[in-house]
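Below are the chains, spelled out letter by letter.
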Amino acid sequence: MKRKLVYLFAIILFSSTAFSPSFAQSWFDDGLSPEFHQGRRDLLREKMPENAVAVFFNNPVKNRSNDTHFEYRPNSDFYYLTGFREPNSALIVFKTPQMIDGQEVNEVIFVQKRDPRTEQWEGERLGIEGVKEKLGFKSVFLNADFLKNPVFDFSAFTQILSFNLPEIEGGRHNAELRAMTEAFKAVNTSPARPADQVLSQIMNQMRAVKTSEELVLLKKAIEISGHGHIESFKSIKPGVSERAIQGVHEFVHKAMGAEYVGYGSIAGAGNNSTILHYVYNSVRDLKEGVMLMDIGAEYRGYSGDITRTVPVKGKFSAEEKAIYEIVLKALEESTKASKPGSSFQEIGAISKEIIDKGLADLGIIEAGARHPYFPHGIGHHLGLDVHDRGGYGAFEPGMVFTIEPGIYIPKGADCDPKWWGIGIRVEDNILITENGYENLSEFVPRTIADIEKTMKEEGILQKLMKSM
């Protein structure tokens, strides 16, 4: 039996031309060069106020249970600026060069020391020499040296720019980070909120517009996410579970080279499709209704974010079809309006108008009435974070964001019960170009005809069951 399962998964992995599996590379070879990260620090320095210093801390380690921890993920801003993925670290960027140890430097990174015993259990650390060699930093100190004289003096700066310091849980795994943040609090005399806002606004501007290197990784994350959806369409049949469909997505992600999911996978069927952030995925035996899947892969730190909603039985009911067509029209019209100079407010108003009219035409609401069936915004920026940094002003070339209209009618809603338990969201990932837009997830079926056609194919789960 074990040999059969191994053989089956080999067939699934390599029989489809949709897959192009890649193997995990060492963590520092992630598709972004040291020059990319250096360029981001240079741009930050250019945007900083005169005589300012910017301070960043990496994320703390998070406990999962007893003496085990969640797999570590660096703070996205910290990673964007450094490429460094280890905890208990800090970055300091100066607007103007400072004299440190007899050298003029414009940035300093603090890292944890090499420790052979710890590395035997947790993996290799770069240490001072590794950070210099792999990441291109010239001024590297151990975290124990943070704020130790004669490194430098914070009192010499007019503005100390930082974000809210991370929430740090107890335990020796975060002891060095806690010591650094406490030391920083003691010398940071800048007004907290203005300094937070200045640096946050700068990072919003920088990260909202993706470079060509970033777009390669982000497009790959979206490609992988999309193939997860396509394969899941084929496996959704009455009798399968929500969690099994989640597993199909995440299996495809890993098979195609993604390291993680970009966020908690949402795979909700029936009334669960009306719960916006439903992540339990615990229903074991799907019977009917629609299944809403909001699932995206994280590839080299960048996240896709695609939603598709499909019928459990492979064919939409009349009511499901009516709601779906409204949502799809809202998506298509909002996407057509996406171009340089337009905004989330503009495309959101288009979707809202279409959804309001559609619900009124179906008799679910009265014309002009307020309703709870489209309770969220039209989209968000996409990148290192699934809800990525970026403001809500005019779109610019290089911005990538989601468009995700939806209608959610839970059981007990104030309308005819025939509409109850229908939750429909369709979400695409849009890149703003010089002259308009590119829909990066357009290859994932979204019309009723294309979805129903794809669902007729045999899925991974069915192939697996045949072998058991």
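Residues numbered from 1 in each chain as written. Predicted model: local features only at pLDDT ≥ 70, side-chain atom pairs only at ≥ 80, totals over all residues. Heavy atoms only, no water.

Per an unreviewed UniProt entry, the protein goes by the name Xaa-Pro aminopeptidase and belongs to Belliella baltica. Among the UniProt annotations of the protein, the heading Catalytic activity (unreviewed entry) holds the following wording: "Release of any N-terminal amino acid, including proline, that is linked to proline, even from a dipeptide or tripeptide." (UniProt positions renumbered as here; feature names shortened; annotations may be inferred.)

**Some words on the sheet that holds strand E11 (residues 297-299)**
Strand order in the open sheet formed by three strands is E8-E11-E12, and the pairing between neighbours is antiparallel. Two strands close off the open sheet at either side, each with one partner strand: strand E8 (260-261) and strand E12 (302-303). Alignment of E11 against E12, held across two bridges, turns out to be antiparallel. Following the sheet pairing, Glu298 is matched in E12 by Ser303. Its contacts with the sheet put helix H8 (residues 212-235) on E11 and E12, and the angle it makes with E11 is roughly 150°. (Pairing = 2+ DSSP bridges. Helix = DSSP H or I, 4+ residues; strand = E, 2+ residues; numbered from the N terminus. Contact = heavy atoms within 4.5 Å. Axes fitted to C-alpha atoms, helices over the stretch in contact; angles between N-to-C directions.)

**So, the sheet that holds strand E13 (residues 306-311)**
Taking strand neighbours across the sheet as the criterion, the three strands line up as E9-E10-E13 in an open arrangement whose pairing is antiparallel. Either end of the sheet is taken by a strand with one partner, and the two such strands are strand E9 (266-269) and E13. For this sheet, the mean angle separating the axes of adjacent strands, direction not counted, is 10°. Pairing of E9 with strand E10 (residues 290-295), which is carried by four bridges, proceeds in the antiparallel orientation. Within E10, the residue paired with Ala269 across the bridge is Met291. The sheet strands contacting helix H9 (residues 242-255) are E9 and E10, and the helix crosses E10 at an angle near 35°.

**Regarding unusual backbone geometry**
Of note, Asn88 is a non-glycine position whose phi angle comes to about 55°, a positive value. Among the secondary structure elements, Asn88 is positioned in the loop between helix H3 (76-82) and strand E4 (90-100). Non-glycine residue Arg300 carries a positive phi angle of around 55°. Within the fold, Arg300 resides in the loop between E11 and E12.

**A word on the packing of aromatic side chains**
Within this structure, the stated rule accounts for 14 aromatic pairs. A ring pair is formed by Phe316 and Tyr324, whose centres lie 5.1 Å apart and whose planes are at 50°; its orientation type is tilted. The interplanar angle of 50° and the centroid separation of 5.0 Å between the aromatic rings of Phe344 and Tyr392 together place this pair among those described as tilted. You can see Phe344 sitting in helix H11 (residues 344-361) and its partner Tyr392 sitting in the loop between H11 and strand E14 (400-403), a full 48 residues away along the chain. Residue class for Tyr392 comes out partly exposed when judged on its relative accessible area of 47%. An aromatic cluster is defined as three or more aromatic residues linked by ring pairs; in this entry it consists of Phe57, Phe94, Phe110, Phe141, Phe146, Phe154, Phe157 and Phe184. Above the face of the Phe137 ring, Arg41 is positioned so that its terminal group lies 3.9 Å from the ring centre. (Phe/Tyr/Trp six-rings, centres within 6.5 Å; stacked < 30°, edge-to-face > 60°. Buried < 20%, exposed > 50% of the residue type's maximum accessible area, 1.4 Å probe, protein only. Lys NZ or Arg CZ within 6 Å of the ring centre and 35° of its normal.)

**Overview of H11**
Look at H11: 26 Å from first C-alpha to last across 18 residues, which is about the 26 Å you get at 1.5 Å a residue. Taken together, the buried residues of H11 touch helix H10 (318-336), E14 and strand E15 (406-409). Directly after H11, the chain includes Gly363, whose backbone phi takes a positive value near 80°. (Expected span 1.5 Å × (residues − 1).)

**Considering the pattern of salt bridges**
Within the structure shown, the criterion is met by 29 salt bridges. The residue Asp77 makes a salt bridge to Arg207 at a minimum N-O spacing of 2.7 Å. Separated by 130 residues along the polypeptide, Asp77 in helix H3 and Arg207 in helix H7 (residues 192-208) bring together distant segments of the chain. Residue class for Asp77 comes out buried when judged on its relative accessible area of 5%. With a closest N to O distance of 3.4 Å, Lys234 and Glu457 form a salt bridge. Highlighted residues: Lys234 in helix H8 and Glu457 in the loop between helix H12 (448-455) and helix H13 (460-466), separated in sequence by 223 residues. Among the charged side chains, a salt-bridge network with shared partners connects Asp77, Arg207, Lys210, Asp385, Asp388 and Arg389. (Salt bridge = Lys/Arg side-chain N within 4 Å of Asp/Glu carboxyl O.)

**Here's the deal with the environment of Glu223**
Looking at the element boundaries, Glu223 is found in helix H8. Spatially, the C-alpha atom of Glu223 lies 23 Å from that of Ala337, the residues being 114 residues apart in sequence.

**Observations concerning the side chain of Asn439**
In this structure, Asn439 sits in strand E18 (residues 437-439). Note on Asn439: relative accessible area 10%, which makes it buried. For Asn439, the side chain forms a polar contact with the side chain of Asp428, separated by 3.1 Å. In this structure the side chain of Asn439 is engaged in a polar contact, spanning 3.1 Å, whose partner is the backbone nitrogen of Ser441. If we skip the residues at most four places from it in the chain, Asn439 touches Asp428, Asn429, Ile430 and Arg446. (Polar contact = N/O pair within 3.5 Å; in protein donor to acceptor, adjacent residues only side chain to side chain.)

**Side note on the packing of H8 against H12**
Two packed helices can be described by the angle between their axes and the distance between those axes. Relative to each other, H8 and H12 sit at 65°, their axes nearing to 7 Å. Touching Ile230, Phe233 and Lys234 of H8 are Ile451, Thr454 and Met455, all from H12. Looking at side-chain class alone, the contact of H8 with H12 contains four nonpolar, one polar and one charged residues. (Nonpolar A, V, L, I, M, F, W, Y, C, P; charged D, E, K, R; others polar.)

**Details of helix H6 (residues 175-187)**
Relative to the 18 Å expected for 13 residues at 1.5 Å per residue, H6 spans 19 Å between its end C-alpha atoms, a close match to the ideal helical length. Turning to H6, its buried residues number three or more, namely Leu177, Met180, Thr181 and Phe184. When H6 is viewed along its axis, its buried side chains cluster within an angular range of 95° and face the same direction. Of the surrounding elements, those touching the buried residues of H6 are strand E1 (52-57), E4, strand E5 (103-111) and strand E7 (159-162). (Arc of directions from axis to C-beta.)

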